[in-house]
Amino acid sequence: MQSLSNWSPRQAIRTLNARKKELFWAWIAYQSIKGLITTSLIWIPLIMLWLGQK
């Protein structure tokens, strides 16, 4: 791994461009997991509370 003193924006962009497909699927997986957690920990309990008060 490169140290921060050797970091350059152009190299970072080249690395991102070379790994677009892997990063895309990592982003999709992250969004899916985040959505499941949000749904299960926030929205389902709120709906249950709302339905229980009617």
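Refer to the structure printed above.
Everything numeric here is computed off the predicted structure, so don't read it as measured data.

## Some points on the overall build of the protein chain
In step 1: If you tally the helices and strands in the protein chain, you get 2 helices and 0 strands.
In step 2: Taking 10 Å as the expected radius of gyration for a compact globule of 54 residues, we find that the protein chain reaches 20 Å, considerably beyond that expectation.
In step 3: A principal-axis box enclosing the C-alpha atoms of the protein chain has dimensions of 60 × 25 × 15 Å.
In step 4: Of all 54 residues assigned to the protein chain, the portion counted as buried reaches 0%.

## Side note on the packing of aromatic side chains
In step 1: Throughout the structure, instances matching the rule amount to 1 aromatic pair.
In step 2: When the centroid spacing of 5.0 Å and the interplanar angle of 75° are considered together, the rings of F24 and W25 count as edge-to-face.
In step 3: On the basis of relative accessible area, F24 is assigned to the partly exposed category, the value being 40%.
In step 4: Note on W25: relative accessible area 56%, which makes it exposed.

Thresholds applied
- The residue numbering used here restarts from 1 in each chain and proceeds along that chain's sequence as written.
- Since the coordinates come from a predicted model, pLDDT governs what is reported: local features require at least 70, and pairs of side-chain atoms require 80 or more to be given and counted, while whole-chain, interface and lining totals use all residues.
- Side-chain numbers here rest on the full set of heavy atoms in the structure, without hydrogens or water.
- Working definition: helices are DSSP H or I runs of at least four residues, strands are E runs of at least two. Numbering for both runs from the N terminus.
- We compute the radius of gyration from the C-alpha atoms alone; for a globule the expected value is 2.2 Å times N to the 0.38, where N is the number of residues.
- Using a 1.4 Å probe on the protein chains alone, a residue whose accessible area is under 20% of its type maximum counts as buried, one over 50% counts as exposed, and one in between counts as partly exposed.
- Here is the rule: rings of Phe, Tyr and Trp (six-membered ring for Trp) pair when centre to centre is within 6.5 Å. Planes less than 30 degrees apart are stacked, more than 60 are edge-to-face, and the remainder are tilted.

Note that all results are geometric; they support no functional claim without further evidence.
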